[in-house]
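Residues per chain are reported as follows:
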Amino acid sequence: MTNTLPGMAEIWQETLNWQPTEEQQAKFQQLYELILEGNRQLNLTRITEPQEFWEKHLWDSLRGIAPQQKLISSLEEGASVIDIGTGAGFPGVPIAIVAPNSTITLVDSTRKKINFIDTILDKLALTNAKTLVSRAEEIGQQTQHRQQYDIALIRAVSNASVCAEYTLPLLKQGGLAIIYRGTWTEEETQTLQNAVIQLGGEIEAIENFSTPLTHSIRHCLHLRKIATTPAKFPRTVGTPTQKPL
Ligand code: SAH
């Protein structure tokens, strides 16, 4: 027996002012089945029940790109997006499904996770997504990636200052980094503020909301790149986590 994801049309409508097409819903279902299957070999996710998968992986991934309940419009116009530490493909793969005009680069330092995502992209015919086995500290210093992206996404990779150092160098001036968080405190804002200034960014918004089924706390931090990131950032592999800004 296969598990079937819930449709949740009303909740999508209420929370994102959007609903998946039948084709997108079919891709969500396919993605879910492939991840359940992949989980037998690889430790991809502990979130396997249909409602939980819908909420914590699909809804959560898409809510991050829908500040004020509206999908970011540049995604429709063909934004270039990078997802750092994508793991089993979150938030990048659901975004590739709903934003066919955008190009999504999925990066992870673990080759076996990226190999798995390659099979997903192939089976779901997601031609607007590509993968890369690398570290944020490395691509942040490579001309083909540095200052190349409109949007950089990062979920469950490290603390916020580290995430800022991983994402801001990759953005074009005016680009947006979105850091997905659970809880968040005012003290953390102070620390992050200090890091973001050094990296050429500013904290544009801190969105606070709860998930629609289990009412879990979420925050999305929006960092805007307003100046060139100094050449010394990102620092060498491992330094951002060992000595966070
Ligand atoms: N974003 C996914 C996975 C989170 S687990 C989700 O929210 O479900 C964190 C992932 O980040 C792991 O797969 C790990 O390999 C990757 N990662 C950690 N540090 C990294 C770095 N510096 N560069 C690239 N990937 C990194």
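In this text the structure is predicted, and so the values were computed from the model without any measurement.

For this particular structure, what's the right way to read the sheet that holds strand S5 (residues 171-181)?
By definition, the strands of a sheet pair up through backbone hydrogen bonds, in either a parallel or an antiparallel sense. What the seven strands build is an open sheet, ordered S3-S2-S1-S4-S5-S7-S6; its pairing is mixed. Strands with a single pairing partner mark the edges of an open sheet, and in this sheet they are strand S3 (129-133) and strand S6 (201-210). Strand-to-strand twist across the sheet, computed as the mean angle between neighbouring axes with direction ignored, equals 20°. The pairing of S5 with strand S7 (residues 217-225) spans six bridges and is antiparallel. In the sheet register, Arg 181 faces S7, and the bridge partner there is His 219. Together, strand S1 (80-84), strand S4 (149-155), S5 and S7 form the strand contacts of helix H7 (residues 160-167), whose direction differs from that of S5 by roughly 150°.

How do you make sense of the environment of Leu 245 when you look at a structure like this?
The residue Leu 245 is located in the segment after helix H9 (239-242) in this model. Leu 245 sits in the buried class, given a relative accessible area of 17%. On a C-alpha basis, the gap between Leu 245 and Leu 199 in space is 9.5 Å, while along the polypeptide they are 46 residues apart. Contact partners of Leu 245, with chain neighbours within four places excluded, come to Ser 161, Glu 165, Thr 191, Asn 194, Ala 195, Gln 198, Leu 199, Phe 233 and Arg 235.

Procedures and definitions
Residues numbered from 1 in each chain as written. Predicted model: local features only at pLDDT ≥ 70, side-chain atom pairs only at ≥ 80, totals over all residues. Heavy atoms only, no water. Pairing = 2+ DSSP bridges. Helix = DSSP H or I, 4+ residues; strand = E, 2+ residues; numbered from the N terminus. Axes fitted to C-alpha atoms, helices over the stretch in contact; angles between N-to-C directions. Contact = heavy atoms within 4.5 Å. Buried < 20%, exposed > 50% of the residue type's maximum accessible area, 1.4 Å probe, protein only.

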